[in-house]
Number of protein chains: 2
Amino acid sequence: MSDDRFAALPAPPYYAVIFSSQRSEQDQAGYETTAARMVELVRAQPGFLGFESTRDGSGFGITAAYFDSEASIAAWRAQAEHAAARDLGHRLWYRRFELRVARVERAYGGPHKPSTHSASSA
Amino acid sequence: MSDDRFAALPAPPYYAVIFSSQRSEQDQAGYETTAARMVELVRAQPGFLGFESTRDGSGFGITAAYFDSEASIAAWRAQAEHAAARDLGHRLWYRRFELRVARVERAYGGPHKPSTHSASSA
């Protein structure tokens, strides 16, 4: 039922944008509409590999979005509609956020299905 | 109210372990007890910098744990009680999980308070 919550990623290396945020209590409808639109847009972004995202009942969320390169992250950052949404997020939707950009060096998962997991240990 | 959900991290570089998981519906009490114990243990682990974690109502969660080096991650991985818990997680508590180890290269956050945010853009 939940396998579509997991990103299907190639073997490392690739890049991660780790975005943690605390939602404000403002504008839930606008937030949801824009979030859905950002998913649509990022999926069309060159170099986008996949994302995983979750948020608990208190409004604390983490999204990890994966890209093939720093250049692809920079291009997504510069995308105009994304930039406008980000600005609204900073001003309205998030009480606080933290973003970290990281180079993924190794990965593994389970249960161990060769078709969906990359090699090595952590 | 929620600032304790955010890790207070030094300026990059440092390392992230990004762990996404789908909980099974088994052994909620044992899972919670062990999760709390792992937090206690990892806080005592040399090189541990902080973590952020959230899980939605469907049981899909993401935890990002931060360490100063790959060596600190390896030491935490080898910690005996952690290894035992990890084995139970793989067999019992998680229907599926994915783990990625990444080197954080830059970070920023908001609202912009100089004391809690590191430099640069993403």
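Bear in mind that the values here come from a model prediction, so they are computed numbers and not experimental data.

1. A closer look at the overall build of chain A
And then number 1: Along its length, chain A carries three helices and four strands.
And then number 2: Start at the N end of chain A and walk to the C end: the helices and strands fall as β-α-β-β-α-α-β.
And then number 3: A buried classification covers 48% of the 122 residues belonging to chain A.
And then number 4: If you take every contact in chain A between residues at least 6 apart in sequence, the share linking residues at least 24 apart comes to 72%.
And then number 5: Here chain A displays about 5700 Å² of accessible surface, and carbon together with sulfur accounts for 56% of that area.

2. Remarks on the relation of the copies chain A and chain B
And then number 1: Here chain A sits on chain B after a turn of 180° about the axis and a move of 0.0 Å along it, with an RMSD of 0.0 Å. Between the two chains, the operation in question is that of a two-fold axis. Of every C-alpha in chain A, the one belonging to D56 of chain A sits nearest the axis of rotation, 2.2 Å from it.
And then number 2: Both copies share a contact surface, since 100% of the interface residues of chain A are interface residues in chain B too.

3. Here we look at the sheet that holds strand 4 (residues 94-110) of chain A
And then number 1: Sheet architecture is open: eight strands sit in the order 2(A)-3(A)-1(A)-4(A)-4(B)-1(B)-3(B)-2(B), paired in antiparallel fashion. Whereas interior strands pair on both sides, the edge strands pair on one side only; in this sheet they are strand 2 (48-55) of chain A together with strand 2 (48-55) of chain B. Strand-to-strand twist of the sheet, defined as the mean angle between neighbouring strand axes without regard to direction, takes the value 25°.
And then number 2: Relative to strand 3 (residues 60-67) of chain B, strand 2 of chain B is paired through seven bridges, and the arrangement is antiparallel. Each bridged residue has a counterpart across the sheet, and for T54 of chain B the counterpart in strand 3 of chain B is I62 of chain B.
And then number 3: Where helix 3 (residues 80-93) of chain A meets the sheet, its contacts fall on strand 1 (14-23) and strand 4 of chain A together with strand 4 (94-110) of chain B, and the angle it forms with strand 4 of chain A comes to roughly 125°.
And then number 4: On top of the sheet, helix 1 (residues 28-43) of chain B reaches strand 1 (14-23), strand 2, strand 3 and strand 4 of chain B; it is set at about 155° to strand 2 of chain B, its chief contact.

4. Observations concerning the pattern of salt bridges
Residue and element names in this part refer to chain A.
And then number 1: Counted by the stated rule, this structure contains 16 salt bridges over all chains.
And then number 2: One salt bridge in this structure joins R96 and E98, with 3.0 Å as the shortest N-O distance.
And then number 3: A relative accessible area of 5% places E98 in the buried class.
And then number 4: Each of R37, E40 and E81 takes part in a single network of salt bridges with overlapping partners.

5. A few points about the UniProt feature "domain: ABM" (unreviewed entry) in chain A
And then number 1: When the UniProt feature table is mapped onto this chain, "domain: ABM" (unreviewed entry) is found at residues 15-86 of chain A.
And then number 2: Secondary structure across residues 15-86 of chain A comprises 44% helix and 35% strand; the distance between its end C-alpha atoms is 20 Å.

6. A word on the packing of helix 2 (residues 70-78) of chain A against helix 3 of chain A
All names here are of chain A.
And then number 1: Contact pair helix 2 / helix 3: the axes reach a minimum separation of 5 Å and the direction vectors enclose 70°. For the element pair helix 2 / helix 3, the angle class is roughly perpendicular. Residue-level inspection shows W76, R77 and A78 of helix 2 in contact with helix 3, the latter providing A80, H82, A83 and R86.

7. Here's the deal with the environment of A107 of chain A
Residues and elements named next belong to chain A.
And then number 1: Topologically, A107 is positioned in strand 4.
And then number 2: Using a relative accessible area of 5% as the deciding quantity, one classes A107 as buried.
And then number 3: As for A107 and A11, which are separated by 96 residues in sequence, their C-alpha atoms are 7.6 Å apart.

8. Some remarks on the environment of F48 of chain A
Residues and elements named next belong to chain A.
And then number 1: Of note, F48 is situated in strand 2.
And then number 2: For F48, a relative accessible area of 15% puts it in the buried group.
And then number 3: Ignoring anything within four residues of it in the chain, the contact list for F48 reads V42, R43, A65, Y66 and F67.

9. A word on the environment of W93 of chain A
All names here are of chain A.
And then number 1: Relative to the elements of secondary structure, W93 occurs in helix 3.
And then number 2: Residues W93 and A80, 13 residues apart in the sequence, show an inter-C-alpha distance of 18 Å.
And then number 3: Not counting the four nearest positions on each side in its chain, W93 is found in contact with Q22, R23, S24, Q26, D27, G30, Y31, T34, A85 and L88.

10. Things to note about the interface of chain A and chain B
And then number 1: The interface is formed by 51 residues belonging to chain A together with 51 residues belonging to chain B.
And then number 2: Counting the surface lost from both chain A and chain B, the interface buries some 4600 Å², and carbon and sulfur atoms represent 52% of this.
And then number 3: For chain A, the biggest contributors to the area lost against chain B are F6, R96 and Y108 of chain A; these three give 16% of the whole.
And then number 4: For the interface between chain A and chain B, the tally reads six salt bridges.
And then number 5: One salt bridge in this structure joins R100 of chain B and E52 of chain A, with 2.9 Å as the shortest N-O distance.
And then number 6: In this structure, the connection of chain A to chain B is made through 26 residue pairs in polar contact (both at pLDDT 80 or more).

The rules behind these values
Residues numbered from 1 in each chain as written. Chains lettered and ligands numbered in written order. Predicted model: local features only at pLDDT ≥ 70, side-chain atom pairs only at ≥ 80, totals over all residues. Heavy atoms only, no water. Helix = DSSP H or I, 4+ residues; strand = E, 2+ residues; numbered from the N terminus. Buried < 20%, exposed > 50% of the residue type's maximum accessible area, 1.4 Å probe, protein only. Contact = heavy atoms within 4.5 Å. Areas by Shrake-Rupley, 256 points an atom, 1.4 Å probe, with all protein chains shown as cover. Least-squares fit on C-alpha atoms with pLDDT ≥ 70 in both. Pairing = 2+ DSSP bridges. Axes fitted to C-alpha atoms, helices over the stretch in contact; angles between N-to-C directions. Salt bridge = Lys/Arg side-chain N within 4 Å of Asp/Glu carboxyl O. UniProt positions renumbered as here; feature names shortened; annotations may be inferred. Parallel < 35°, antiparallel > 145°, perpendicular 65-115°, else oblique. Buried area = accessible area lost by both parts, 1.4 Å probe. Polar contact = N/O pair within 3.5 Å; in protein donor to acceptor, adjacent residues only side chain to side chain.

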